[in-house]
Amino acid sequence: MFGHAKCLGSQWSWLCVAALGLALLSASSGLSSAATPEAEDTWASLANDIFGGRPLADGTGLVSIDMPMRADDAAIVPVTMRVTLPPDDSRRLKALTLVIDNNPVPVAATFTFSDSAGVSVISTRVRINSYTNVHVVAELSDSKLYLAQTYVKASGGCSAPAAKNADDSIATLGQMRFRVFGKLSGAQREAQVMIRHPNNSGLQRDQVSLLYIPANFVDELHVWQGHALLFSMKSGISISEDPNFRFTYVPNGATTFKVEARDTQGKVFVSKWPATTSEPSNNSSDL
């Protein structure tokens, strides 16, 4: 999709010595990897491609992104995106776009929210292919874009082998679990949806045949509260195996939640649950 980042294996040679020297020089001069001219150029090009040249305002105090600086597992890196509007601010959140600059497909996901959703926080797990800046861009109802960024040290997540074997993945494909949590501050509550799916990136190899496993991942998600759509998501290969989304919302009095997920092979998975606080429950059907 974009030509700015590729999955490359590590190459041990004398070049590593030169790279180490450059890293030490950079550290001694106080220049962060996240602020190099190359990284800034990459983001400028990506932002222009993704947002069509629209201006991106500094989202400090309004938009934030929380990720570990050094990930324990590059294939399952937690990320939390948050938009905090003042109480007297009449704007609402329209969309969030998560961009992992150095991943093969940088746009990890775009979330689009309904007018009455009341979503202000959404968390998921992603793959990180190499040390990278990560950006989140929030679009508010004033049609302006607001930006936040962080830096993550991780590598190899896009090609990391799946945690489950293929037979287990097929047997549980599309099963969902859902949980509604207790009240947060004010009217907001919190819910979580978990989907059984290998989310194959197309860059992983079968551990026996060593052939590449064809890409197959959840690329669409829709979540309803009663008959009202809360949010939709379109995603790429960067969302981790067994996609997991936790989000805030404002109850609208509905008695049910419904989730529909689609993958790149055209399979559709639908589940429905009561809108009550509960432990995770199983309920799925493959249409």
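Up top you'll find the structure we're talking about.
If you're wondering where the values come from, they're calculated on a predicted model, not measured in any experiment.

Reading the values: rules and limits
- Residues numbered from 1 in each chain as written.
- Predicted model: local features only at pLDDT ≥ 70, side-chain atom pairs only at ≥ 80, totals over all residues.
- Heavy atoms only, no water.
- Salt bridge = Lys/Arg side-chain N within 4 Å of Asp/Glu carboxyl O.
- Helix = DSSP H or I, 4+ residues; strand = E, 2+ residues; numbered from the N terminus.
- Buried < 20%, exposed > 50% of the residue type's maximum accessible area, 1.4 Å probe, protein only.
- Polar contact = N/O pair within 3.5 Å; in protein donor to acceptor, adjacent residues only side chain to side chain.

Novice: Got a sec to walk through the pattern of salt bridges? Specific residues and values, please.
Specialist: Per the counting criterion, the structure on display carries eight salt bridges. Between arginine 54 and glutamate 139 there is a salt bridge whose closest N-O contact spans 3.5 Å. Placement of the pair is arginine 54 in the loop between α2 (37-51) and β1 (56-58) and glutamate 139 in strand β7 (residues 132-140), with a sequence separation of 85 residues. Among the residues examined, arginine 54 registers a relative accessible area of 35% and is labelled partly exposed. Between arginine 262 and glutamate 260 there is a salt bridge; the shortest N-O distance is 3.1 Å. Judged by relative accessible area, which is 33%, arginine 262 ranks as partly exposed.

Novice: Give a description of the side chain of histidine 197 that names residues and reports values.
Specialist: Examined against the element boundaries, histidine 197 turns out to sit in the loop between β10 (189-195) and β11 (218-225). The exposure class of histidine 197 is buried, given its relative accessible area of 1%. Here asparagine 199 takes part through its backbone nitrogen, which lies 3.1 Å from a polar atom of the side chain of histidine 197.

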